[in-house]
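# Analysis of the macromolecular model
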Amino acid sequence: MKRKCFYLGLLSATFIAAGQLAFAQEASISLREFFLRYAQVRSQMHQIGADAMIKDFFHPQMTGSRADYDINNQLKIKKVDYESTYKRYLNELENGIVTQITPIKILHESVKGNNGLLVAINEQSKVKDGQILEKHTVIYTMLLLLDEQQNWKIYNYTATYLIDEKYKGVCSCELYSSANGNIASRIIYPDGDTMTTTIDQFSLSSQTQTIVANNGKSYYWDGRIVSTADKKRQLGTAKTLKEAVALILLKDLYSPYCIEMLLK
């Protein structure tokens, strides 16, 4: 009887151990839950920091690629990895940009052993100082692996960013000097779902130290400081008329559209 009880106890212990082993091999959360948590934490990265985001969701050996279609349907593809993603997150935080993600749809999810495959769509907005800079639809494919703690980690990441609207970003500007000393500017700036090009002209009155734009607005420039005509708001410093005009374009006339002015 004792031997029978011993065998029954051993058999029970074996089943319990097998059950614990099977449980330990299961993921802590499903791929769907991972998708929702990724979107939530990514939207809160400005509060928790880049370190927490990158360590919680990405495998240290992560690789992948990112394809960006801008509003002119121009395609840019670049490789990404753990380090470059971390640097991008840090740069985003340093520039005060908040990424807000809204999950839209899971197209595919499957798990085989310790491997997971997730294909999903989300909507993404970049916000700075409460103002939306741009909106994207993002389609991504993630190959995920379970770590030792049975948490999913992104091992390979392929994302396609389709820009829907761009409200503020890097503006392109060309400046031309005329024979009479005036300046003409040609600026390309984001305007919702398209890029807009405009031409402005600026004249300098050396007697009053004012720069007058063709829209009638005037600015004070003493050869160093550029400010509004009433001198209540300084736009910056400039050594040349072209530099002064570039400041006027960036800091005043096109400030609702431009976070940076790329001079050509």
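First things first, this report covers the structure right here in the doc. (Residues numbered from 1 in each chain as written. Predicted model: local features only at pLDDT ≥ 70, side-chain atom pairs only at ≥ 80, totals over all residues. Heavy atoms only, no water.)

Moving on: helix α6 (residues 241–253). Each full turn of the α-helix corresponds to 3.6 residues, which orients residues three or four apart in the same direction. Most of α6 sits out of view: 10 of its 13 residues are buried. If you check which residues of α6 are buried, you get L241, A244, V245, A246, L247, I248, L249, L250, D252 and L253. (Buried < 20%, exposed > 50% of the residue type's maximum accessible area, 1.4 Å probe, protein only. Helix = DSSP H or I, 4+ residues; strand = E, 2+ residues; numbered from the N terminus.)

This next bit is on the layout of surface pockets. Here the largest pocket is characterised by a volume of approximately 1200 Å³. Contributing to the lining of the largest pocket are 30 residues, with R66, K76, E134, K166 and V170 lying nearest its centre. For the lining of the largest pocket, the element with the most residues is strand β7 (residues 169–177), which contributes four residues. Of the residues assigned to the lining of the largest pocket, the class counts are 10 nonpolar, seven polar and 13 charged. (1 Å grid on protein atoms, 1.4 Å probe; cavity = no way out; pocket = protein on both sides within 12 Å on 5 of 7 lines; lining within 4 Å. Points joined across faces, edges and corners; volume = space filled by probe spheres on them. Nonpolar A, V, L, I, M, F, W, Y, C, P; charged D, E, K, R; others polar.)

The next point concerns the sheet that holds strand β11 (residues 218–221). Read across the sheet, eight strands follow the order β13-β12-β11-β10-β9-β8-β7-β14 without closing on themselves; strand pairing throughout is mixed. Across the chains shown, the open sheet's two edge strands, defined by having one partner strand only, are β13 (234–237) and β14 (258–263). Going from strand to strand, the sheet's axes swing by 25° on average, the running direction of each strand aside. (Pairing = 2+ DSSP bridges. Axes fitted to C-alpha atoms, helices over the stretch in contact; angles between N-to-C directions.)

Next up on the list: the state of the cysteines. Under the counting rule described, the total for this entry stands at one disulfide. In this model C171 forms its disulfide with C258; the gap between the sulfur atoms is 1.9 Å. Looking down the S-S bond of the C171 and C258 bridge, the torsion is -100°, so its handedness is left-handed. Here C171, found in strand β7, pairs with C258, found in strand β14; they are 87 residues apart in sequence, far enough to count as distant. (Disulfide = S-S within 2.5 Å.)

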